[in-house]
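Okay, here's what each chain looks like letter by letter:
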Amino acid sequence: MITVLEHPLIHNDLKILRDKSTQTPAFREAVNRIALHLAVAVTEDIPVSEVNVDTPLETTIAYEITEKIVLIPIIRAGMGLLAPFQQIIPNSSSGYIGLKRNELTFEAEEYFFSIPKIDDDTTIIILEIMLATGGSIVNTINRLLLEGASKIIIASVIAAPEGVEKIMTEFPEVNIYTAALDRELNNLKYIMPGLGDAGDRLNGTV
Ligand code: URA
């Protein structure tokens, strides 16, 4: 399933991200704000348990998240989503996967992998700004399945139909959340109209 978030504030920030004249600080801030929306949306169905809590006045019923949530940003660009997700989901833990795009084959190659222990009850949220070909995310999902993952959600800022279709075909049980679903990939596998290279723009390496 894919969910494309719709909100005037998100549209406003997407305009900032797409604009080639936006400088790195404003770009980072817009990514951060969109990530806050995404973090709220992806956690909408996280189960809560009823607990008693003592207020200063009496004991009352409250709800808390008991689910273990692990955030996995795909280095580099996915790191831009991590801090806002940690802010919204304070009890989450984080792991990292480093994937580099081979510019000749466009295949994703892993160079770093470190994640906390996961089990059947762990919800994993993969963080990636651009869901382009889907290659990095497919690699990440396959790696996480080998580690025992069963509940996986993807959070992206801009997705391309090609990548979405690939993930939905290979992993129909994985839900995708994105702030925009763009038109297509170009011949260099950039998302069109997109925002260019998210990692470069986020890190000021344009
Ligand atoms: N990665 C990016 O940063 N931008 C794209 O358009 C596609 C992949």
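See above for the structure.
In this text the structure is predicted, and so the values were computed from the model without any measurement. (Residues numbered from 1 in each chain as written. Predicted model: local features only at pLDDT ≥ 70, side-chain atom pairs only at ≥ 80, totals over all residues. Heavy atoms only, no water.)

## Looking at the overall build of the protein
Part 1: Counting its secondary structure elements, the protein contains 6 helices and 13 strands.
Part 2: Over its C-alpha atoms the protein spans a radius of gyration of 18 Å, differing by no more than 12% from the 17 Å that the globule rule assigns to 206 residues.
Part 3: Principal axes of the C-alpha set define a box for the protein whose edges measure 60 × 40 × 30 Å.
Part 4: The burial tally for the protein puts 43% of its 206 residues in the buried class.
Part 5: Within the protein, residue pairs in contact and separated by at least 24 positions form 62% of the contacts whose partners lie at least 6 positions apart.
Part 6: Accessible surface computed for the protein: about 10700 Å², of which carbon and sulfur atoms make up 53%. (Helix = DSSP H or I, 4+ residues; strand = E, 2+ residues; numbered from the N terminus. Rg over C-alpha atoms; globule rule 2.2 N^0.38 Å. Buried < 20%, exposed > 50% of the residue type's maximum accessible area, 1.4 Å probe, protein only. Contact = heavy atoms within 4.5 Å. Areas by Shrake-Rupley, 256 points an atom, 1.4 Å probe, with all protein chains shown as cover.)

## A look at the nonpolar core
Part 1: If you look at the biggest cluster of nonpolar residues, it comprises 39 residues, and the most contacted ones within it are Leu17, Phe85, Ile125, Ile129 and Val157.
Part 2: Broken down by secondary-structure element, the contributors of at least two residues to this core are helix 1 (8-18), helix 2 (24-42), strand 4 (68-75), helix 3 (79-88), strand 8 (122-127), strand 10 (151-159), strand 11 (175-181) and helix 6 (198-203).
Part 3: Considering each element in turn, this core owes the most residues, 9 residues, to helix 2.
Part 4: For Ile125, the residues in contact, after removing those within four places along its chain, are Val42, Thr43, Ile69, Val70, Leu71, Ile72, Phe85, Ile89, Ile153 and Ala155.
Part 5: Val70, Val138, Ile141 and Ala149 belong to the second largest nonpolar core, which has 25 residues in total. (Core = buried A, V, L, I, M, F, W, Y, C linked by side-chain atoms within 4.5 Å.)

## Structural notes on the site of the ligand
Part 1: Around the ligand lies a shell formed by Met130, Ala132, Lys189, Tyr190, Ile191, Gly196, Asp197 and Ala198.
Part 2: Backbone polar atom of Ile191 to an oxygen atom of the ligand: 2.7 Å apart, as the coordinates give it.
Part 3: For the ligand, a nitrogen atom lies 2.8 Å from a polar atom in the backbone of Gly196.
Part 4: Protein burial of the ligand: of its 240 Å² of free accessible surface, 87% is covered by the chains.
Part 5: Tallied by class, the residues present in the shell around the ligand amount to 5 nonpolar, 1 polar and 2 charged. (Near = heavy atom within 4 Å. Polar contact = N/O pair within 3.5 Å; in protein donor to acceptor, adjacent residues only side chain to side chain. Nonpolar A, V, L, I, M, F, W, Y, C, P; charged D, E, K, R; others polar.)

## Comments concerning the packing of aromatic side chains
Part 1: Within this structure, the stated rule accounts for 0 aromatic pairs.
Part 2: Geometry around Phe113 places Arg143 over its ring, the cationic atom sitting 3.7 Å from the centre. (Phe/Tyr/Trp six-rings, centres within 6.5 Å; stacked < 30°, edge-to-face > 60°. Lys NZ or Arg CZ within 6 Å of the ring centre and 35° of its normal.)

## So, a nonpolar patch on the surface
Part 1: Taken together, the side chains of Val48, Ile61, Tyr63 and Ile65 define a hydrophobic patch exposed on the protein surface, amounting to about 410 Å² of accessible area.
Part 2: Top element by residues in the nonpolar patch is strand 3 (residues 59-65). It accounts for 3 residues.
Part 3: If you trace the backbone, Ile65 turns up in strand 3.
Part 4: Overall, the relative accessible area of 45% leaves Ile65 in the partly exposed class. (Patch = residues over 30% accessible without salt bridge, like charges linked within 9 Å, V, L, I, M, F, W, Y side chains within 5 Å. Salt bridge = Lys/Arg side-chain N within 4 Å of Asp/Glu carboxyl O.)

## Observations concerning helix 5 (residues 161-170)
Part 1: Inspection of helix 5 places Gly163, Val164 and Ile167 among the buried residues, and these make up the whole buried set. Take helix 5 and look down its axis: the buried residues cluster within an arc of 100 degrees, on one side only. In helix 5, those exposed residues whose orientation departs by more than 90 degrees from the buried face are Glu165 and Thr169. (Arc of directions from axis to C-beta.)

## With respect to helix 1
Part 1: Listed in full, the buried residues belonging to helix 1 are Ile10, Asp13, Leu14 and Leu17. Down the axis of helix 1, the smallest arc covering the buried residues is 110 degrees, so these residues share one side. Across from the buried face of helix 1, at angles greater than 90 degrees, the exposed residues are Pro8 and Lys15.
Part 2: Those residues of helix 1 that are buried lie in contact with helix 2, strand 10, strand 11 and helix 6.

## Focus on the environment of Asn32
Part 1: In this fold, Asn32 is placed in helix 2.
Part 2: Each C-alpha atom of the pair Asn32 and Asp13 lies 9.6 Å from the other, and the pair is 19 residues apart in sequence.

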